Amino acid sequence: MIEQSKLDTTQQARPAKRPAGPITRTLRVLYIIAAWLFALGVLIQTYLAGMGIFVNASWLKEHSGLGWSLAELSILSLILLFPCRFPRKIILLHLLLILDIIFQVGLVSFFHGFNLPLLTALHPMNAVLLFVIATLLAYNTLIWTRSTRRKAGA
Ligand code: HEM
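Now for a look at the structure at hand. (Residues numbered from 1 in each chain as written. Predicted model: local features only at pLDDT ≥ 70, side-chain atom pairs only at ≥ 80, totals over all residues. Heavy atoms only, no water.)

Things to note about the site of the ligand
Consideration 1: Among the 19 residues in the neighbourhood of the ligand, the closest are listed as Gln45, His63, Trp68, Gln104 and His123.
Consideration 2: Tryptophan 68 is positioned with one of its side-chain polar atoms (N or O) 2.8 Å from an oxygen atom of the ligand.
Consideration 3: Elements represented by at least two residues in the shell around the ligand include exactly helix H2 (22–54), helix H3 (59–76), helix H5 (88–108) and helix H7 (122–153).
Consideration 4: Among the elements that line the shell around the ligand, the one with the most residues is H3, at 6 residues.
Consideration 5: Residues of the shell around the ligand, tallied by class, amount to 11 nonpolar, 8 polar and no charged. (Near = heavy atom within 4 Å. Polar contact = N/O pair within 3.5 Å; in protein donor to acceptor, adjacent residues only side chain to side chain. Helix = DSSP H or I, 4+ residues; strand = E, 2+ residues; numbered from the N terminus. Nonpolar A, V, L, I, M, F, W, Y, C, P; charged D, E, K, R; others polar.)

So, in structure tokens, the structure goes:
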């Protein structure tokens, strides 16, 4: 009797997952596109930094502009993240990405003001980490979305 009532409470606490409707599926596709574009943006950032160092320092202005835009994109895409009903792993990866891009921008803006060059020098190294996180996020989101589609089709 007690076991049965326990089971009932658990079932009430965790309702059965609703299948994704066409709006959720479209938002997921948009999110995946944004996630891959973000990873590509990070790659382009490293190239623009190279242009600034080896071609002309004025390219660093483009680098800075794209860097701030990518930081904004990572925060704005939170609007897509929640209605997409992704699993916790993807939500955590997205939050980690936001933290890391804030750190990345902070290294050359906020922390730079404290005159700590050894810390600022982490900027290119953290770019590699940012690329890894961005690629993992885009890849995992793509694989998870494909697997849910396959299950729905089965
Ligand atoms: C190999 C990789 C990278 C190198 C060598 C590099 C180098 C630099 C340098 C030298 C500056 C200073 C520019 C100046 O003084 O005008 C800078 C600024 C900046 N970088 Fe990078 N960067 C790299 C990757 C990235 C990535 C991946 C992002 C973000 C996605 C990023 C975002 C920024 C931003 C937003 C600024 C300007 C900060 C401000 O407004 O003060 N960088 N970077």
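Having put the structure on the table, let's press on.
Regarding the side chain of serine 77
Consideration 1: Turning to its location among the elements, serine 77 is positioned in the loop between H3 and helix H4 (78–81).
Consideration 2: Within the structure, serine 77 has its side chain in polar contact with the backbone oxygen of serine 74 (distance 3.2 Å).
Consideration 3: Not counting residues within four places of it along the chain, the set of residues in contact with serine 77 comprises Tyr31 and His94. (Contact = heavy atoms within 4.5 Å.)

Quick look at empty space enclosed by the protein
Consideration 1: Enumeration over the complete set of coordinates arrives at 1 cavity of 30 Å³ or more.
Consideration 2: Size it by volume and the largest cavity reaches roughly 100 Å³.
Consideration 3: In this structure, the largest cavity is lined by Tyr31, Ala34, Ala35, Phe38, Leu73, Ser74, Ser77, His94, Leu97, Ala134, Leu137 and Ala138.
Consideration 4: Elements represented by at least two residues in the lining of the largest cavity include exactly H2, H3, H5 and H7. (1 Å grid on protein atoms, 1.4 Å probe; cavity = no way out; pocket = protein on both sides within 12 Å on 5 of 7 lines; lining within 4 Å. Points joined across faces, edges and corners; volume = space filled by probe spheres on them.)

A few points about the coordination of the iron atom of the ligand
Consideration 1: In the first shell of the iron atom of the ligand, the protein supplies His63 (NE2) and His123 (NE2), at 1.9 to 2.0 Å from the metal.
Consideration 2: What the 6 donor atoms of the iron atom of the ligand show is an angle range of 86 to 179° at the metal, which sorts the shape as octahedral. With a gap of 60 residues between them, histidine 63 in helix H3 and histidine 123 in helix H7 connect regions that are remote in the sequence. (Donors = N, O, S within 2.8 Å, 3.2 Å for Na, K, Ca; no water. Tetrahedral: all angles 85-135°; square planar, octahedral: opposite > 155°, others 65-115°.)

Quick look at the side chain of threonine 24
Consideration 1: By the secondary structure assignment, threonine 24 is in helix H2.
Consideration 2: Each residue touching threonine 24, except ones within four places of it in the same chain, is listed here: Pro83, Cys84 and Arg85.

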